[in-house]
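Chain by chain, the residues run as shown.
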Amino acid sequence: MTLVAPEAADALAAGRPVVALETTIVAHGFPAGEGLAVGRECERRIRSAGAVPATVAVLDGELRVGLSDEELERVAAAGPAARKVGPRDLGLCVALGALGATTVGGTLVACEQSGVRFFATGGLGGVHRGWTDRPDVSADLAALARAQVLVVSSGVKSLLDVAATVEVLETLGVPLLGWQTDELPLFYSAHGGPPVPRIESAEEAAAVARAHWQLSRSAVVVARPPVDGVDDVEPLIEAALAEASRAGVRGQAVTPFVLAYLHDRSGGRTLDVNRRLAADNAGLAAEIAVAFSRQS
Ligand code: PSU
Ligand code: MN
């Protein structure tokens, strides 16, 4: 049911560094036709840092860890027609033979299944604003509570209730570390989040992960500030959320709707930041994976 591509399987067996990538970002996170280049660039950055990329999706009735370029193209070409597959959707998608793009949560399950310990994404899902009325809490958080995986992201998406998300991560026992920063990055913006413990190097991140996993079953999040972030998107986020609510957009559709709205209305500025941070996060996850293998 879980099929690990030969290159990733060989690397895992030999204790060499492997970095997982999700595909919701490829199929749903970018405008039509643009996700493929993002997925490819993330893979390239992982290779150039000396690790093996393992992009995750559900294809032909199997949870796949490591895709060929043709397979990545299939996921990208499906775009929004691909199912958005979180932990709850994996079995359904496999059993029905549907094409599925995995979220952070879905990809973490694949990591647990295959033994991949490092993973890069753009931004984590979390507690949505307005959670007191509608408890929309991303399944990414529950998955982080039960996967021994180090995830590099650009912090928590500012379209969420960031403070509530940080509280839930603490409740779940998931450490949130700042990559060369003392404040949690907010996805499009390098600044503005609550204080977080700072780490300075890939070696330090790898050592924290190792110690954490000797003591706990949960993930470690390394929050890396975006380079050339944008700091003035809050009014657009409010407009996007109001529009989503007016249009009756709910559940899994909320995050892609808001991202697309921002990409559109920011004149592409959020798109540029998102593209760049996804690739940079992939490169950093690979550096940490390499450091971890060296320490073993
Ligand atoms: N980061 C991005 N683009 C994305 C996502 C993250 O730069 O599209 C996706 C991830 O797959 C994450 C998902 O798991 O958004 C969260 O969706 P939700 O809020 O519905 O749980
Ligand atoms: Mn949700």
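Structure shown above.
Residues numbered from 1 in each chain as written. Chains lettered and ligands numbered in written order. Predicted model: local features only at pLDDT ≥ 70, side-chain atom pairs only at ≥ 80, totals over all residues. Heavy atoms only, no water.

Asker: Mind showing me how you'd approach the overall build of the protein chain here?
Answerer: Within the protein chain one finds 12 helices and 11 strands. Against the compact-globule benchmark of 19 Å for 296 residues, the protein chain has a radius of gyration of 17 Å, which places it among compact chains. Seen along its three principal axes, the alpha-carbon backbone of the protein chain occupies a region of about 50 × 45 × 30 Å. Per-residue burial for the protein chain yields a buried fraction of 56% across its 296 residues. (Helix = DSSP H or I, 4+ residues; strand = E, 2+ residues; numbered from the N terminus. Rg over C-alpha atoms; globule rule 2.2 N^0.38 Å. Buried < 20%, exposed > 50% of the residue type's maximum accessible area, 1.4 Å probe, protein only.)

Asker: Looking at this structure, how should I read the site of ligand 1?
Answerer: Residues in close proximity to ligand 1 total 17 residues, the closest being E22, K84, S138, D140 and T255. V104 places a polar main-chain atom, nitrogen or oxygen, 2.8 Å from an oxygen atom of ligand 1. A distance of 3.3 Å separates an oxygen atom of ligand 1 from a polar atom in the side chain of H128. Considered on its own, ligand 1 offers 480 Å² of accessible surface; in the complex 95% of this is hidden by protein. Going through the elements one at a time, α2 (24–27) and α11 (254–265) are the ones with two or more residues in the shell around ligand 1. Here the residues of the shell around ligand 1 sort into 4 nonpolar, 9 polar and 4 charged. (Near = heavy atom within 4 Å. Polar contact = N/O pair within 3.5 Å; in protein donor to acceptor, adjacent residues only side chain to side chain. Areas by Shrake-Rupley, 256 points an atom, 1.4 Å probe, with all protein chains shown as cover. Nonpolar A, V, L, I, M, F, W, Y, C, P; charged D, E, K, R; others polar.)

Asker: I would appreciate a short explanation of helix α10 (residues 234–246) in the present structure.
Answerer: Given 3.6 residues per helical turn, the α-helix brings residues three or four places apart onto the same face. Between its first and last C-alpha, α10 extends 18 Å over 13 residues, near the 18 Å set by a 1.5 Å rise per residue. Phi turns positive one or two residues past the end of α10, at G248, with a value near 70°. (Expected span 1.5 Å × (residues − 1).)

Asker: Please clarify how the nonpolar core should be interpreted in this entry.
Answerer: For soluble globular proteins, nonpolar side chains are generally found buried alongside one another. In terms of nonpolar packing, the biggest core is built from 58 residues, with L108, F119, L144 and Y188 touching the most fellow members. Top contributing element to this core by residue count: α11, with 5 residues. When neighbours within four sequence positions are excluded, Y188 is seen to be in contact with S158, P226, G229, V230, V233, L259, L262, H263, T270, V273 and N274. Residues V38, L177, I199 and F292 belong to the second largest nonpolar core, which totals 43 residues. (Core = buried A, V, L, I, M, F, W, Y, C linked by side-chain atoms within 4.5 Å. Contact = heavy atoms within 4.5 Å.)

Asker: How do you make sense of the pattern of salt bridges when you look at a structure like this?
Answerer: Where charged atoms from two side chains of opposite charge approach closely, those side chains can pair. For the structure on display, the rule yields 19 salt bridges. A salt bridge links D280 to R45, with the nearest nitrogen and oxygen atoms 2.8 Å apart. A residue pair is termed long-range when its members are at least 10 positions apart, and D280 in helix α12 (residues 269–295) and R45 in helix α3 (residues 35–48) qualify at 235 residues. Among the residues examined, D280 registers a relative accessible area of 11% and is labelled buried. (Salt bridge = Lys/Arg side-chain N within 4 Å of Asp/Glu carboxyl O.)

Asker: Explain unusual backbone geometry here, please?
Answerer: Trans is the common state for peptide bonds, and a negative phi is the common state for residues other than glycine. One non-glycine residue, Q180, lies in the positive phi region at around 55°. You can see Q180 is positioned in the loop between β9 (176–179) and β10 (198–199).

Asker: Hey, could you run me through the environment of S293 in this one?
Answerer: By the secondary structure assignment, S293 is in helix α12. Overall, S293 belongs to the partly exposed group, its relative accessible area being 22%. In the structure, S293 is positioned 277 residues away from R16 in sequence and 6.1 Å away in space, judged by C-alpha atoms. Not counting residues up to four positions away in its chain, the partners in contact with S293 are G15, R16 and P17.

Asker: What exactly am I supposed to notice about the environment of L36 here?
Answerer: Considering the arrangement of structural elements, one finds L36 in helix α3. Contacts of L36, omitting those with residues within four sequence positions, involve V26, L72, E73 and A76.

Asker: Got a minute to help me understand the state of the cysteines in this structure?
Answerer: What we call a disulfide is simply a covalent bond connecting the sulfur atoms of a pair of cysteines. Inspection of every chain in the model, using the stated rule, returns 0 disulfides. Free of any disulfide, C93 has its nearest cysteine sulfur in C111, 17 Å distant. Overall, C93 belongs to the buried group, its relative accessible area being 0%. (Disulfide = S-S within 2.5 Å.)

Asker: What exactly am I supposed to notice about the packing of α3 against helix α4 (residues 69–78) here?
Answerer: Running from amino to carboxyl end, α3 crosses α4 at an angle of 145°, the nearest separation of the two axes being 9 Å. Relative to α4, the crossing made by α3 is right-handed. Taken together, the residues of α4 that come into contact with α3 (itself represented by L36, G39, R40 and E43) are D69, L72, E73 and A76. In terms of residue class, the contact of α3 with α4 is made up of 3 nonpolar, 1 polar and 4 charged. (Axes fitted to C-alpha atoms, helices over the stretch in contact; angles between N-to-C directions. Left-handed = near helix turned anticlockwise from the far one by under 90°.)

Asker: What is the right way to look at the pairing of β9 in this model?
Answerer: Looking along a regular strand, one sees side chains alternate from face to face of the sheet. Going residue by residue along β9, you find L176 and G178 tucked away on one face and L177 and W179 tucked away on the opposite face as well. In the sheet, β9 pairs with strand β11 (residues 220–223) via 3 bridges, with the strands oriented parallel. Of the residues in β11, the one forming a bridge with L177 is V222. Where β9 and β10 come together, 2 bridges link them in parallel fashion. Bridged to G178 within β10 is R198. (Pairing = 2+ DSSP bridges.)

These values are about where atoms sit, not about what they do.
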